[in-house]
Structures are given as structure tokens and as C-alpha cells.
Number of protein chains: 2
Amino acid sequence: MPREVRERQMLDAAVTAFARHGYQAASMDDIAEAAGVSKPLVYLYLKSKEDLFTACVRREIGALVAAVRRGTRERGVSADQQLWNGLTAFFAHTAARPDGVAVLHRARTQGEPFAREVAAMRVEVLTLVTELLAQAAQDAGCDGALAEREVSGLAHALVGAAESLAEWANTRTAQRADAAPSAKETAATLMNFCWAGLENLTKGARWVPAPR
Amino acid sequence: MPREVRERQMLDAAVTAFARHGYQAASMDDIAEAAGVSKPLVYLYLKSKEDLFTACVRREIGALVAAVRRGTRERGVSADQQLWNGLTAFFAHTAARPDGVAVLHRARTQGEPFAREVAAMRVEVLTLVTELLAQAAQDAGCDGALAEREVSGLAHALVGAAESLAEWANTRTAQRADAAPSAKETAATLMNFCWAGLENLTKGARWVPAPR
């Protein structure tokens, strides 16, 4: 069997083990057994538990970012359609790969150097979302009222909301699969949460606190 | 000096040190020096570095939850006013205590048992937000269309967005204090992001994807 196939099997087994048991508790013996290879072969290919975890984190980061990029690549559609495309792609990916998402969560809460990899991915996604929001505002003829700082804040709100909802949806699925929200339902929840406000902003309409 | 005053000084110094250097790198020598006490006294009062970190995490969790509860305790106001009150209280707190917020972030990414404390706090805040959203929907005469599941999803979106924005605002402040958003500006960004959508939902109005 070619090395790349073997490596993929090892990473698949490792993602499952790290997702379920965490970095410390996951056992290299169990990972080798689940991958159907010997433990020395895992060490030969992936070198150490730390390197194996890093390889899992990088693979799952790559897959998640690729899914979001694919979801948002269609141009010339309305801003809400593009946001909907991106959100359904994101939640379809996180629903299809719960162990992958769990590994990224583990990495984020495992301390350095793993947390840094996830933070870099987050910056990449935030940059993409910021560009899309700025473009949507420009397309709507927004006269510069949506300053760079506000677009950046809105992008952080959107990404934080999406992360939190993905975790919520996967927790629901783990607890009771038959009552779990579908990727489209989760995306619709987030669209309902934020689209009306974003659309208002691109038109220059703002919420202001009532005088007390 | 009474023990409680000494302990508060130790926790203040520890929060600053853990926020800046992280759990591993923070030095008990430096913490004792910054608190103006001897290192043996720190160990006598707080027992170990782990217990000291846990005490910091619990204090900052208590302060944050108390701020949000104070912010949302006024009843009989409009739903958007109550959300605005809660968000301004939250962002005022996170802006005033950046080291406290950083300690909670460190705890979340430090692995167990610290991450569990922050997760429990998150559940407490989510429960409060879910109750407030359900109440707002009921007050608006929402005819049950906002099912329990959707309210829970919306609460997760709101809390995730708020966490992400708090981190963003504090990063901005650390980078360039004179261009940092105020707590009210950050709260306004989040109100603009989500209020129009939440208000629509309480009135039964939904975003639906256009037929393609």
C-alpha cells in the first residue's frame, strides 16, 4: 500500500482518537491498531505524538478553510446568497466532520504550539469574511459609512457566532442525532440572526439606543 | 494587613502575570514580588501554582457573570434596550478588565481542569441569554414559532459573537489604545449585527433563501 494511503489511514484514526480522548489521553497503540498498522510504522511516518497531532490539526484546518473558500467563490450573486452559500458550506463541513472540528477545538484548548495554528486559521477566515463584507457594502453603494474598523468588528461577530453555532449543532447531534439541526437549519438560524442587520448597515440604516 | 487584603493583592498580581505570560511561563517569584509579599506566603495562602491559577479563573468568572447579570436585571424595558444594557455591561467589563478576560482565554486554552471551569461559566451565561431571548419572543407575542431549539441556537450565536468581539476589541486596544473602540461602540456593532434579525424573528419574519 502506498505511503500516502497508509498516512491517511493513520491520520483518520488519529483524528478520531484525539477528538474523543484529547491529546494527552489518546493512545498511540490504539491509533496504530485502528489504522491497521504497527506502532513503529506510525512513529516512522509521523515521528512523534506531537507531530501526529500537528499533522491532524493542519489537515483539518486545510479542509475547513477549503470548504469555506469553495462555498464563497461564486461571485455575481447577491450578498445574502453569497453569505448563505458560505454558511451552508461551513456548517455542512462541520456537520460532516465532527471529529475534525473537535480536534481543532482540542488544539485551541491544548496550549501552544497547537493553539497558534488554529489562531492563524482563524485570521485567514476572518480576512476572507472581512473582504466579503466590505465588498457587499460597496456593492450596495454604502458611502464609506461602514468604516474598516466596523467591517472588521462585524466579521469577528460573524465568525464567533458561526464557531459557537457549529459547536452547538455538533453537541446536539452527539446528544440526540434524530433531533439534530441540519447544516441548512443551522445556517438559516445564523442568517436570521445577522442578515437583516447586515443588510440595514449596507443601506446606512442603524440601530440606535432610545433616549432614556 | 488582613489575609483577605493580602490574598486580593496576590490574585491581582497573579491575574496580570498569567494574562501576560500564560500559565506555564508565569513566575511565582514575580507574582510574589508584584504583590509585595514573600513567596512562602503565596504558597501558604494559595497552596500551589495550580490552585492560584484556579482562584484567578474563578474570581474572573464570578466578576464577569455578575457584570452580565447586573446589566440585564432591569425588567420592564423593551427587548432591544435590555439587550443593549446587557451588551454594554459585558463590553464595559471586558474592556475594564482585559487581564481578567485574557486569563479566562488562557484557562480555556490551557486544557483541563481549567477549561471545564470556563465551559461551566459559558453554560451559565448561555442559560441567562436563552431565557432573555425566549422572554423577548413571548413579549412580542411570538406564537411559538421560535421553538426552544431555535432560541438555543440564537443564544449560542449571540454569545459566540460577543466573545469574539470582546477579544477583537481588546486586541485593538492593546495594539493602539487611541484607536480602540469604546465599550458602547463594540456593543453598538453587535446590536447592529443582530438586533434587526432578532426583532424580525420575534415578529415571525424570516429570511429565506431565494429560489435559484
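Computed from a predicted structure; not experimentally measured.

Peer 1: Would you take a moment to explain the nonpolar core for this structure?
Peer 2: Buried together is how nonpolar side chains tend to be arranged in soluble globular proteins. Among the nonpolar cores identified, the biggest contains 136 residues, and Leu190 of chain A together with Leu190 of chain B are the most heavily contacted of them. In this structure, Leu190 of chain B is in contact with Ala157 of chain A together with Leu87, Phe91, Leu158, Ala161, Ala162, Leu165 and Trp195 of chain B, ignoring residues within four places of it in sequence.

Peer 1: Explanation requested: the relation of the copies chain A and chain B in the structure shown.
Peer 2: Put simply, the second copy of the chain is the first one after a rotation about an axis and a shift along it. After a rotation of 180 degrees and a shift along the axis of 0.0 Å, chain A superposes on chain B with an RMSD of 0.0 Å. Here the two chains are linked by the operation of a two-fold rotation axis. Ranked by how close their C-alpha atoms come to the rotation axis, the residues of chain A are headed by Thr109 of chain A, at 1.6 Å. Most of the interface of chain A is mirrored in chain B, where 100% of its interface residues are also at the interface.

Peer 1: Would you mind going over the domain arrangement of chain A with me for this structure?
Peer 2: Reports of interface size often rely on the accessible area that becomes lost once the parts have come together. All names here are of chain A. By domain assignment, chain A separates into domain 1 (1–47) and domain 2 (49–203). Here the C-alpha centre of domain 2 lies 28 Å away from the C-alpha centre of domain 1. Facing 20 residues of domain 1, the contacting portion of domain 2 comprises 16 residues. Here domain 1 packs against domain 2, burying approximately 1,600 Å² in sum over the two surfaces, 65% of which is carbon and sulfur. Taken as a group, Val15, Phe18 and Tyr23 account for 41% of the area that domain 1 buries against domain 2, more than any other trio of residues on that side. Where domain 1 meets domain 2, there are 2 salt bridges. Here Asp99 makes a salt bridge to Arg20, at a shortest N to O gap of 3.5 Å. Inspection of the region where domain 1 meets domain 2 yields 8 residue pairs in polar contact (both at pLDDT 80 or more). Every element with two or more residues in the side of domain 1 that touches domain 2 is listed here: helix H1 (3–25), helix H2 (28–35) and helix H3 (39–46). Here the side of domain 1 that touches domain 2 takes 13 residues from H1, the largest share from any one element. Partitioned by chemical class, the residues of the side of domain 1 that touches domain 2 number 12 nonpolar, 4 polar and 4 charged.

Peer 1: What's the story with the confidence of the model for chain A in this structure? I'm lost.
Peer 2: Low pLDDT marks regions whose predicted coordinates should not be analysed in detail. All names here are of chain A. Of the residues in chain A, 99% reach a pLDDT of 70 or more, and the chain-wide mean stands at 91. H2 holds the highest mean pLDDT among the elements of chain A, 96, whereas helix H7 (residues 114–139) holds the lowest, 90. ipTM for the predicted complex: 0.91, alongside a pTM of 0.92.

Peer 1: Can you walk me through the environment of Val125 of chain A in this structure?
Peer 2: Residue and element names in this part refer to chain A. If you trace the backbone, Val125 turns up in helix H7. Residue class for Val125 comes out buried when judged on its relative accessible area of 14%. For the pair Val125 and Val65, spaced 60 residues apart in the sequence, the C-alpha separation amounts to 6.9 Å. Discounting residues that sit within four places of it in the chain, Val125 has contacts with Val65 and Val159.

Rules and cut-offs
Residues numbered from 1 in each chain as written. Chains lettered and ligands numbered in written order. Predicted model: local features only at pLDDT ≥ 70, side-chain atom pairs only at ≥ 80, totals over all residues. Heavy atoms only, no water. Core = buried A, V, L, I, M, F, W, Y, C linked by side-chain atoms within 4.5 Å. Buried < 20%, exposed > 50% of the residue type's maximum accessible area, 1.4 Å probe, protein only. Contact = heavy atoms within 4.5 Å. Least-squares fit on C-alpha atoms with pLDDT ≥ 70 in both. Domains from an automatic or database assignment. Buried area = accessible area lost by both parts, 1.4 Å probe. Salt bridge = Lys/Arg side-chain N within 4 Å of Asp/Glu carboxyl O. Polar contact = N/O pair within 3.5 Å; in protein donor to acceptor, adjacent residues only side chain to side chain. Helix = DSSP H or I, 4+ residues; strand = E, 2+ residues; numbered from the N terminus. Nonpolar A, V, L, I, M, F, W, Y, C, P; charged D, E, K, R; others polar. pLDDT = per-residue confidence, 0-100.

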